[in-house]
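One-letter residues, chain by chain:
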Amino acid sequence: MQRKIIWGITMREVIGILSFYFFFSLLYHVVLWYISYYYEENGIWSWINLSDYWFSSGMQYVFFFIASFIIWFLGIYLLKKKSNTYQIAMVVMLIPIVVYIVRQIRYSIIDALGLGRLREAGTIWDLYIPLLFFLIQFGCFFAYRYFIENQRKLIVEGELRQAALKSELTAIKAQLNPHFLYNVFNTINASVPPKQEKTRQLIATLADLFRYQLRASKKELVPLSEEIEFVNKYLELEKARFEERLEIEMDVPIELHSEMVPPMLLQPLVENSVKHGISNSLKGGKISITIFKDEDKLKFEIADTGTGVEDKKSLFGKGVGLSNTQLRLQKMYQSQLEFLDNEPQGLKIRFSL
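Bear in mind the structure is a predicted one, so any value in this text is a computation, not a measurement.

A. Spotlight on the nonpolar core. Membership of the largest hydrophobic core comes to 37 residues, with the highest contact counts inside it found for Leu224, Leu266, Ile291, Phe300, Leu337, Phe351 and Leu353. Elements that contribute at least two residues to this core include exactly α7 (197-216), α8 (224-242), α9 (267-278), β6 (285-294), β7 (297-304), α10 (320-333) and β9 (347-352). Here the element with the most residues in this core is α8; it accounts for seven residues. Contact partners of Phe300, with chain neighbours within four places excluded, come to Leu224, Val261, Leu266, Thr290, Ile291, Ile349, Arg350, Phe351 and Leu353. The next biggest cluster of nonpolar side chains, apart from the first, holds 20 residues, and it includes Phe24, Ile76, Leu94 and Phe138.

Set out below in structure tokens:
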């Protein structure tokens with residue numbers, strides 16, 4: 001019932017719309033039956049006879065449905081990137097125009113078929129009733145959409161609270177005196193023979209990673225240059241592990257280095273590319289990080305030429321890194337991760353701030 005059929009509309013919503021129209025068309029049928037005094041001739045239960053339902057209220061509400069689809073398509077679907085206020089104003093403006101045009105088309109068809117309809121002063125009811133009906137319908141639509149959006153926000157906020165609680169518990173469990181940790185690194189570094197300079201460098205790089213994580217955990221935003229430096233150090237360690245199997249390409253214009261971004265945002269995505277892309281390939285591959293400015297948005301692309309991922313939704317179930325990054329993007333920027341197939345192979349992750 002929650003599966004989307006077309007244009008983001010679910011089966012439950014389709015059934016709801018059809019039920020809404022059937023109820024009002026049946027109500028209109030009963031009103032016509034009452035004002036025509038059919039109950040005097042055929043009895044109080046004669047309204048149940050739907051033999052003339054199609055040629056009276058049924059056919060009229062088919063035209064209503066066509067009109068409502070036109071209003072929805074022009075005033076809501078085509079303007080889905082606009083604000084609710086803008087959409088509501090457009091719908092209110094479209095309703096009388098579309099109602100009038102559809103009424104004239106319906107009159108032409110009815111007259112051509114030789115069927116009965118309201119005439120002269122009575123035609124005003126064929127404007128008033130549809131106007132009232134569409135105001136109720138689209139009022140219910142915007143109220144329902146607000147309810148759905150509010151429910152989604154509550155779910156996201158709940159997931160964020162859970163993620164924050166897990167992070168706090170993890171931090172408590174892993175709490176360690178930073179000075180002790182750095183002293184351990186220094187002790188290990190000092191014990192390494194001078195000839196093993198590469199090992200010394202790797203230990204120093206690992207210490208820098210811990211130092212940045214500690215510092216970044218206390219900040220909401222950091223300069224992009226610091227994030228890039230952190231990712232580079234992480235990739236240095238991975239490069240030492242994969243050697244020639246790992247190729248790295250970084251494309252970040254210098255003028256973007258001062259942009260402020262959330263800390264520890266790129267590393268989980270790069271780690272995903274290494275873990276699920278490069279490490280699974282015998283010949284290895286290349287990881288490309290591209291950052292650019294498009295109008296007022298900062299765009300990020302992390303691509304690898306690894307084995308790729310067929311079921312991209314399953315990526316969120318393989319660890320907390322991607323899930324937490326997705327929640328942070330939704331909460332802070334109303335953005336989300338986009339997973340695409342890379343060319344000629346591999347996975348590409350996109351997002352914007």
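B. Representation of the pattern of salt bridges within the structure. Applying the stated rule across the entire model yields three salt bridges. Between Glu249 and Lys286 there is a salt bridge, with the nearest N and O atoms lying 3.4 Å from each other. In this pair, Glu249 is assigned in strand β4 (residues 246-251) and Lys286 in strand β6, connecting sequence segments 37 residues apart. Between Lys293 and Glu259 there is a salt bridge whose closest N-O contact spans 3.1 Å. Taken as a pair, Lys293 in strand β6 and Glu259 in the loop between β4 and β5 (260-261) lie far apart in primary sequence, 34 residues in all.

C. Highlighting the packing of α8 against α9. For the pair α8 and α9, the least separation of the axes is 10 Å and the interaxial angle reads 20°. One finds that α8 runs roughly parallel with respect to α9. The chirality of how α8 crosses α9 is right-handed. Mapping the contact onto sequence places Phe230, Val231, Tyr234, Leu235, Glu238, Arg241 and Phe242 in α8 and Gln267, Val270, Glu271 and Val274 in α9.

Criteria and thresholds
Residues numbered from 1 in each chain as written. Predicted model: local features only at pLDDT ≥ 70, side-chain atom pairs only at ≥ 80, totals over all residues. Heavy atoms only, no water. Core = buried A, V, L, I, M, F, W, Y, C linked by side-chain atoms within 4.5 Å. Buried < 20%, exposed > 50% of the residue type's maximum accessible area, 1.4 Å probe, protein only. Helix = DSSP H or I, 4+ residues; strand = E, 2+ residues; numbered from the N terminus. Contact = heavy atoms within 4.5 Å. Salt bridge = Lys/Arg side-chain N within 4 Å of Asp/Glu carboxyl O. Axes fitted to C-alpha atoms, helices over the stretch in contact; angles between N-to-C directions. Parallel < 35°, antiparallel > 145°, perpendicular 65-115°, else oblique. Left-handed = near helix turned anticlockwise from the far one by under 90°.

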